[in-house]
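Coordinates in review
The primary structure of each chain is shown beneath.
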Amino acid sequence: MEKDYTKYFKGPSLKEAKHRGKEEVKILKDEFVIPEAMKNAGEGKTYYIKTYGCQANERDSETMRGILESMGYQETKAMDQADVVLLNTCAIRENAELKVFGKIGDLKRIKRDRPDMIFGMCGCMAQEEEVIARLLQKHPHTDLIFGTHNIHRLPELLHEAMMSKEMVIEVWSKEGDIVENVPASRENPLKAWVNIMYGCDKFCTYCIVPYTRGKERSRLPKDILHEVEELKASGYKEITLLGQNVNSYGKDFKEAYSFADLMRDVAKTGIERIRFTTSHPWDFTDEMVDVIAEYENIMPFVHLPVQSGNDEVLKLMGRKYNAASYKALFDKIKAKIPHVSVSTDIIVGFPNETEEQFQDTLKMVEYCQYDNAYTFIYSPRAGTPAAKMEDNVDLKVKEERLQRLNETVNRYSLAQNKKYLGQTVKVLVEGYSKKGNDMLMGYTDTQKLVNFSGDPKHIGEIVEVEITDAKTWSLNGKICE
C-alpha cells in the first residue's frame, strides 16, 4: 500500500518545527525506492550540486549525488550545462542566504536558454517560511523545493517536477525520522563523514538549526559501526562522526549508551583516524575526555565552540554554561589529552553586547590560546528568540570588534603553529597542494594543514613529515623518506 504524503505538501512552519514530542523515532530501512519511471531517467544526463554551509550539508549532498547517480545521472562541474541543478542551502547566517539568492538569479538567466533544466533548492533555507514566500513571489523559475527531512524522496520529487508545470514544494515541518540504506557518492576517497545523529534540542537563542533539522535523534550503534567497517574495508583512512551536537548522542535511547561508548566501539574497529564534530561544552563529559585520551586512533583535536567569554551574553545566547565552567572543561581537556589542539566558534556584536563584555571574550581567547577560531558578526535569524531582541550594536562597532578579535586569534594561531617547528608529525596525504610546484598536502592528527614536497606515490598514505616553517593557518615541511 502506497504511503500518503499529501499532508506534507505545504510550506514549512517554524512554529510546527519547534515541537518536540515524546514519540519514538522511527528507523526506516526500506523507505528509499526509485520509481520505475525514474530508474534510468538520468541516462545521458548530468547534474550539478552546489553546497553551502556545514558538514551536515556536505554529507546530505553526498546522499543526493548517490541518489542521482543511481538513476544514471553523471556529475558535471558546469552549472549552465547541467540537466538537474540543486542548491543545498544553509540558513545559519544572512550572508549564506544572500549568496544563494545571487545564484538563483544566475539560474534565471540560464533557464531562459535551457527551459528543460530542473532547478531545485533544498537544505535548511527550504525549511524557512520567509524563504519559500520569497521564492514563490520573485523566483518562479524554481522547479522544486524540498527540505532536510525528505532527501530520500528525491526520485519521486524529480519525477513530479518533470511532469508538473507548477513549482513542486515538499517541505516537512516534523520532528524527523532516521532513513537508512540511502546511497551516497562520497567526494573524498580517503576521508568520510559518518552521521551518528540528526537534529538539535539545544535551542540557542540565535540558532535556526533546531527548527530546520528537527529534534535530536540518534542512529543505532550497529548501523554506525557497520558503516565504519564498510568504509575501512573500502580503504578509507579517516572518518568524522557527525552531528549538530555529537555529545548528545544516545540520550534518546532507552538503554544507557553514550557518545563516549560509541567512540570506544568505533575506535575498536581499527580504522586509522577518528574525528568528531560538533560538540557542545554543556554535554562534554569526563568519560569523553578519557576515551579520547585512551585511543590512539581518536585524533587529539577538539572543536569546542565558546561563542562568548561573558556570562551575561552566554545566558542571553542560551548556552547553559558560564566562562568559569568552560575554562574548567578546557583545562581538563588540555591536561588529559597529550598535544591536543582546540578550535572554537565566536560571535561578536550579539544584542546588548557592551565593550566590557567583548573584552571578556578577548580574555577568553587569551586564556585558551586557541589553535584556530571561526569568528562571526551576529546575524539575526527570523524565527529565533534572538531575532526579537533589539539588534542595538552598531555595525561599525561589530566590524571593529571582529577585527580586534581576529588579530588576537591570529596571533595565538601562529604561536601554536610555531611549536611544531623542527618536529616530525604524521600526515595523511590527501593530494596536491594549492601552493602548486607539485607540492603535496595533508593534515596532522591535530588537524594542522601541512604543505610539503614529496613523491605523489604517497597520496593516500600516512607519512612522517618534518616541519620546517610555520604560518598562521598552515605548516610547511619535508617528507621523511
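Procedures and definitions
- Residues numbered from 1 in each chain as written.
- Predicted model: local features only at pLDDT ≥ 70, side-chain atom pairs only at ≥ 80, totals over all residues.
- Heavy atoms only, no water.
- Helix = DSSP H or I, 4+ residues; strand = E, 2+ residues; numbered from the N terminus.
- Rg over C-alpha atoms; globule rule 2.2 N^0.38 Å.
- Buried < 20%, exposed > 50% of the residue type's maximum accessible area, 1.4 Å probe, protein only.
- Contact = heavy atoms within 4.5 Å.
- Areas by Shrake-Rupley, 256 points an atom, 1.4 Å probe, with all protein chains shown as cover.
- Lys, Arg positive; Asp, Glu negative; His and termini not counted.
- Charge placed at Lys NZ, Arg CZ, Asp CG, Glu CD.
- Pairing = 2+ DSSP bridges.
- Axes fitted to C-alpha atoms, helices over the stretch in contact; angles between N-to-C directions.
- Polar contact = N/O pair within 3.5 Å; in protein donor to acceptor, adjacent residues only side chain to side chain.
- Core = buried A, V, L, I, M, F, W, Y, C linked by side-chain atoms within 4.5 Å.
- Phe/Tyr/Trp six-rings, centres within 6.5 Å; stacked < 30°, edge-to-face > 60°.
- Lys NZ or Arg CZ within 6 Å of the ring centre and 35° of its normal.
- Parallel < 35°, antiparallel > 145°, perpendicular 65-115°, else oblique.
- Nonpolar A, V, L, I, M, F, W, Y, C, P; charged D, E, K, R; others polar.

1. Focus: the overall build of the chain
On a plain count of helices and strands, the chain comes out with 13 helices and 21 strands. Here the C-alpha atoms of the chain give a radius of gyration of 23 Å, agreeing with the 23 Å that 2.2 N^0.38 yields for 481 residues. By its C-alpha atoms, the chain is 60 × 55 × 50 Å across when sized along the principal axes. Across the 481 residues of the chain, 55% fall into the buried class. If you take every contact in the chain between residues at least 6 apart in sequence, the share linking residues at least 24 apart comes to 76%. Surface exposure of the chain reaches about 21600 Å², of which carbon and sulfur atoms provide 48%. Positive and negative side-chain charges of the chain, numbering 68 and 76 respectively, have mean locations separated by a distance of 2 Å.

2. Considerations on the environment of Met121
Tracing the backbone shows Met121 in strand β5 (residues 118-123). We classify Met121 as buried; its relative accessible area is 0%. The spatial distance from the C-alpha of Met121 to the C-alpha of Asp445 is 36 Å, given a sequence separation of 324 residues.

3. Here we look at the sheet that holds strand β2 (residues 46-51)
Hydrogen bonding along the main chain pairs the strands of a sheet, whether they run parallel or antiparallel. One open sheet holds the six strands; their spatial order is β3-β2-β4-β5-β6-β7, and the pairing between them is parallel. At either margin of the open sheet sits one strand with a lone partner, and together these are β3 (74-75) and β7 (168-170). In this fold helix α2 (residues 55-70) packs onto β2, β3, β4 (84-89), β5 and β6 (144-146), with an angle of close to 175° to the strand it touches most, β2.

4. Some words on the side chain of Glu238
One can find Glu238 in strand β12 (residues 238-242). Polar contacts involving the side chain of Glu238 include one to the side chain of Arg275, which spans 3.0 Å. Once you skip the residues sitting within four places of it in the chain, Glu238 turns out to touch Leu190, Lys191, Ala192, Arg273, Arg275 and Leu428.

5. Quick look at the pairing of strand β20 (residues 462-470)
Residues in a regular strand project their side chains so that they alternate between the two faces of the sheet. Bridging between strand β17 (residues 424-432) and β20 involves five bridges; their strand directions are antiparallel. When the sheet's bridge partners are listed, Val425 is paired in β20 with Val465. Two strands pair when backbone bridges link them, and β20 and strand β21 (residues 475-479) are joined in this way by five bridges, in the antiparallel orientation. By the bridge assignment, Ile467 is partnered in β21 with Gly477. Counting the residues that bridge the hairpin from β20 to β21 gives four residues.

6. Observations concerning the nonpolar core
Among the nonpolar cores identified, the biggest contains 56 residues, and Ile239, Leu241, Phe259, Phe276 and Phe284 are the most heavily contacted of them. In terms of residue count, the dominant contributor to this core is helix α8 (residues 259-267) (six residues). Look past the residues within four positions of Phe276 in its chain and what remains in contact with it is Thr240, Leu241, Val246, Phe259, Met263, Phe284, Met288, Ile292, Phe301 and Val302. Counting residues in each nonpolar core, the second largest holds 30 residues, with Val85, Phe101, Phe119 and Ile145 among its members.

7. Description of the packing of aromatic side chains
Tallied over the full model, the rule gives nine aromatic pairs. With a centroid separation of 5.4 Å and 80° between ring planes, the pair formed by Phe203 and Tyr211 is classed as edge-to-face. By way of ring pairs, the aromatic residues Tyr206, Phe350 and Tyr378 are connected into one cluster. Its guanidinium or amino end placed over the ring of Tyr412, Arg411 lies 5.0 Å from that ring's centre, counting from NZ or CZ.

8. Side note on the sheet that holds strand β16 (residues 372-377)
Pairing in this open sheet of three strands is parallel, and the strands run β14-β15-β16 from one edge to the other. The sheet is open, and its two edges are formed by β14 (301-303) and β16, each paired on a single side. When the angles between neighbouring strand axes are averaged without regard to direction, this sheet yields 10°. As paired strands, strand β15 (residues 341-348) and β16 are joined by six bridges and run parallel to one another. Its bridge partner being in β16, Ile347 is matched across the sheet by Phe376. Those strands touched by helix α13 (residues 395-418) are β15 and β16, and its axis lies near 175° from that of β16.

9. Some details on the environment of Lys478
One can find Lys478 in strand β21. A C-alpha to C-alpha distance of 16 Å links Lys478 and Lys418, two positions 60 residues apart in sequence.

10. A look at the packing of helix α12 (residues 355-368) against α13
Taken N-terminus to C-terminus, the directions of α12 and α13 make an angle of 10°; their axes are 10 Å apart at the nearest point. Of the possible angle classes, the one that applies to α12 and α13 is roughly parallel. Of α13, the residues touching α12 (which contributes Glu355, Phe358, Gln359, Thr361, Leu362, Val365 and Glu366) are Arg401, Arg404, Leu405, Thr408, Val409, Arg411 and Tyr412. Taken together, the residues of the contact of α12 with α13 sort by class into six nonpolar, three polar and five charged.

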